[in-house]
Amino acid sequence: MAIDARIRELGNRHRDLDHRIQEELRHPSTDTLKVRDLKRRKLRIKEEIQVLETQV
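Note that the structure is a prediction, hence the values are computed from the model and not measured. (Residues numbered from 1 in each chain as written. Predicted model: local features only at pLDDT ≥ 70, side-chain atom pairs only at ≥ 80, totals over all residues. Heavy atoms only, no water.)

Visitor: Honestly, the overall build of the protein chain in this entry has me stumped. Any pointers?
Guide: Scanning the protein chain for helices and strands turns up 2 helices and 0 strands. Expressed as lengths along the three principal axes of its C-alpha atoms, the size of the protein chain is roughly 45 × 15 × 10 Å. Residue burial in the protein chain is summarised as follows: out of 56 residues, 20% are buried. In the protein chain, once contacts between residues fewer than 6 apart in sequence are set aside, the share between residues at least 24 apart is 64%. Total accessible area on the protein chain stands at roughly 4400 Å², and carbon and sulfur atoms take up 50% of it. Between the centroid of the 14 positive side chains of the protein chain and the centroid of its 11 negative side chains there is a distance of 2 Å. (Helix = DSSP H or I, 4+ residues; strand = E, 2+ residues; numbered from the N terminus. Buried < 20%, exposed > 50% of the residue type's maximum accessible area, 1.4 Å probe, protein only. Contact = heavy atoms within 4.5 Å. Areas by Shrake-Rupley, 256 points an atom, 1.4 Å probe, with all protein chains shown as cover. Lys, Arg positive; Asp, Glu negative; His and termini not counted. Charge placed at Lys NZ, Arg CZ, Asp CG, Glu CD.)

This is the structure in structure tokens:
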């Protein structure tokens, strides 16, 4: 059960980062470094989710 809860938590963080990326891209003066950092964080979370899903 703990793995399922962790996957849900990571899924929520993944969605939040996606929203933050989209919001940042809407600005006329997009901070490309910030977007790149957010995308890296999002990818790390996705990879962690995939690893956990193999354990379920």
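Visitor: Please clarify how helix α1 (residues 2-26) should be interpreted in this entry.
Guide: Since there are 3.6 residues in each turn of an α-helix, residues three or four apart along the chain are aligned in direction. The end-to-end C-alpha distance of α1, which contains 25 residues, comes to 36 Å, matching closely the 36 Å that a straight helix rising 1.5 Å per residue would cover. Where α1 is buried, its residues contact α2 (32-55). (Expected span 1.5 Å × (residues − 1).)

Visitor: Sorry if this is basic, but what is going on with the nonpolar core here?
Guide: Across soluble globular proteins, you tend to see nonpolar side chains buried next to one another. Formed by I7, L10, L17, I21, V35, L38, I45, I49 and L52, the largest nonpolar core amounts to 9 residues. Of all the elements in the fold, those that place two or more residues in this core are α1 and α2. The element that contributes the greatest number of residues to this core is α2, accounting for 5 residues. Residues contacting I49, with those up to four places away along its chain left out, are I7, L10 and G11. (Core = buried A, V, L, I, M, F, W, Y, C linked by side-chain atoms within 4.5 Å.)

Visitor: Got a minute to help me understand α2 in this structure?
Guide: Here α2 is 24 residues long and its end C-alpha atoms lie 35 Å apart, about the 34 Å a rise of 1.5 Å per residue gives. Contacts from the buried residues of α2 go to α1.

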